[in-house]
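Results of the structural survey
What follows is the residue order along each chain.
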Amino acid sequence: MRKVISLVAGLLVISAVVAAQHANMKETPVKTDLTLASDVQFGPQLLKAGDYKVMCDRDTIVFKNAENGKKVFETKCQGKELATPSTETQLYVKTAANGVKTVDRLLLKGSPVEHVF
């Protein structure tokens, strides 16, 4: 009996973790342009000031250099689902104690997901 309870509890924990991930089926793939006025830290990756093409396909979010099309950064797409898709692209940045600008969240026009890094 104890094994059954442990198994059920384990499945519940795994289900909660999977549900917390960004595995929604409502998000349509989106593409947008993004201009960074200064260097900004996206999770582990520092993106230099400049123009980027951003694409999200539900699973991954990719940043490409707008001038040459080379991939600069790719990461797993994650974040909470919003009630409605964003009407504009918005980048929320905070400055860390060491002065580095870090992305807090990113809303992409047409996407119902608050992307986090």
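This write-up is about the structure you can find in this document. Treat the numbers as computed from the prediction; the structure is a model and nothing was measured.

A word on the nonpolar core. Core analysis: the biggest nonpolar cluster contains 16 residues, and Leu36, Phe42, Leu47, Ile61, Phe63 and Leu108 have the highest contact counts within it. At the level of elements, strand 1 (30–36), strand 2 (40–42), strand 4 (50–56), strand 5 (60–65) and strand 9 (101–107) are the ones that each hand at least two residues to this core. Dropping the residues within four chain positions of it, Phe42 is found in contact with Leu34, Leu36, Leu47, Phe63, Phe73, Leu91, Val103 and Phe117.

Taken as a whole and assessed by the stated rule, the structure comprises four aromatic pairs. Where Phe42 meets Phe117, the ring centres are 5.1 Å apart and the plane angle is 85°; that geometry is what we call edge-to-face. Placement of Phe42 in strand 2 and of Phe117 in the segment after strand 10 (113–115) is noted, with a sequence separation of 75 residues between them. Looking at Phe42, the relative accessible area reads 0%, which means it is buried. Three or more aromatic residues joined by ring pairs make a cluster, and in this case those are Phe42, Phe63, Phe73 and Phe117. Positioned above the aromatic ring of Tyr92 is the side chain of Arg105, whose terminal nitrogen or guanidinium carbon lies 3.8 Å from the ring centre.

As judged from the seven bridges shared by strand 1 and strand 4, these two strands associate in the antiparallel manner. Bridged to Thr35 within strand 4 is Asp51.

Criteria and thresholds
- Residues numbered from 1 in each chain as written.
- Predicted model: local features only at pLDDT ≥ 70, side-chain atom pairs only at ≥ 80, totals over all residues.
- Heavy atoms only, no water.
- Core = buried A, V, L, I, M, F, W, Y, C linked by side-chain atoms within 4.5 Å.
- Buried < 20%, exposed > 50% of the residue type's maximum accessible area, 1.4 Å probe, protein only.
- Helix = DSSP H or I, 4+ residues; strand = E, 2+ residues; numbered from the N terminus.
- Contact = heavy atoms within 4.5 Å.
- Phe/Tyr/Trp six-rings, centres within 6.5 Å; stacked < 30°, edge-to-face > 60°.
- Lys NZ or Arg CZ within 6 Å of the ring centre and 35° of its normal.
- Pairing = 2+ DSSP bridges.

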